[in-house]
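Spelled out from the first residue to the last, the chains are:
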Amino acid sequence: MAKSEDKDVDAAPKKKGGAKKWIIILVLLLVVIGGGVGGGLYAMQAGLIGGGGESHAAEHVNMPRLVPKSEQVRGGNKEDGHGGGGDSGGHEPMGKGGDKYASTYYAMEKEFTSNLRESVHFMQVGIAVSTPYDERIIENLKTHEIAVRSAILLALGDATEEQVFAVEGKRQLQIHLVHAINKVLKQKEGFGGVGNVYFTNFVVQ
């Protein structure tokens, strides 16, 4: 009986030691696998493997950037028809509720003449746009001016007498023109960016 008990006592530590060994091996495997997966994900995001991270980063860098008021260029440049020149220098909104981002304006050179829908009258309007984004939006407008002018004329031709003679109707027309212009820019460049449309001249005859 004594010999049997001794064998059981000797076997117990061996079983415990074997279990600890397997636990250590499993923990090491989990660390190695986890590190490999984490490293792989990091490499993909950094663009080191797979190429997905690189294209995503390039696409993000190429997007137009919102211009904070602190970077706004003050003054105007008559030669190119939009805001530019002057001094920049930490300009912030002067009053509570002022715009957080700068506005760059661009006045379209030629006025627009269009018949009104179901009317003998026609209107002649001058149009300017503004954007809170960088100069690329204005450059896109200039590049695709023919397509943009066509979209504006179609939108104006859909206006009615009641709309153009009422202040609220004119505001609705402004919103309609913003959507029309941005739709063209999105089709051509993948990004709209025009925030507002303004009437610099508005005559109905």
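As shown above, the structure is provided for reference.
Here we summarise the structure given alongside this text. Quick caveat: nothing in here was measured; it's all calculated off a predicted structure. (Residues numbered from 1 in each chain as written. Predicted model: local features only at pLDDT ≥ 70, side-chain atom pairs only at ≥ 80, totals over all residues. Heavy atoms only, no water.)

Some details on a nonpolar patch on the surface
The line we're drawing: By definition, no residue in a patch forms a salt bridge, and every one has over 30% relative accessible area; like charges are joined within 9 Å, nonpolar side chains (Val, Leu, Ile, Met, Phe, Trp, Tyr) within 5 Å. The Shrake-Rupley method, run with a 1.4 Å probe, gives the accessible areas here. Residue values count only the displayed protein chains as cover. Criterion for a salt bridge: a side-chain nitrogen of Lys or Arg within 4 Å of a carboxyl oxygen of Asp or Glu. Secondary structure elements are defined from DSSP: runs of H or I of at least 4 residues count as helices, runs of E of at least 2 residues count as strands, and each element is numbered from the N terminus.
Taken together, the side chains of W22, I25, L26 and L29 make up a nonpolar region of the molecular surface, amounting to roughly 430 Å² of accessible area. Here L29 shows up in helix α1 (residues 2-46).

What about the pattern of salt bridges?
Short version of the rule: Exposure is judged per residue with a 1.4 Å probe applied to protein chains only, and the accessible area is read against the type maximum: over 50% gives exposed, under 20% gives buried, and values in between give partly exposed.
Per the stated rule, a full pass over the model turns up four salt bridges. D158 is paired through a salt bridge with R117; the nearest N and O atoms lie 3.3 Å apart. Of this pair, D158 sits in the loop between α4 (145-157) and α5 (161-165) while R117 sits in the loop between β4 (112-115) and β5 (122-131), and the two are 41 residues apart along the sequence. The salt bridge partner of R136 is D134, with a shortest N-O separation of 2.9 Å. Classification of R136 by relative accessible area gives partly exposed; the value is 28%.

A closer look at the nonpolar core
Quick reminder of the rule: Nonpolar cores were defined as sets of buried Ala, Val, Leu, Ile, Met, Phe, Trp, Tyr and Cys residues, with membership established by side-chain atoms within 4.5 Å. The criterion used for residue contact is that any of the two residues' heavy atoms lie within 4.5 Å.
In this structure, L141, I152 and I181 are the most contacted members of the largest nonpolar core, which totals 28 residues. Examining the composition of this core, we find that seven residues originate from one element, helix α6 (residues 167-189), more than from any other. When residues no more than four places from it in sequence are discounted, the contact partners of I181 are V129, L141, V148, I152, V194 and V197.

Description of the environment of Q163
Heads up, the condition is: Polar contact is the term for a pair of N or O atoms within 3.5 Å; when the atoms are in protein, one must be able to donate a hydrogen and the other to accept it, and sequence-neighboring residues count only if both atoms are side-chain atoms.
Within the fold, Q163 resides in helix α5. Sequence separation of Q163 and L173 is ten residues, and the distance between their C-alpha atoms is 7.8 Å. Setting aside anything within four residues of it in sequence, one finds Q163 in contact with D158, G169, K170, Q172 and L173. A polar contact of 3.4 Å, which involves the side chain of Q163, links it to the backbone oxygen of G169.

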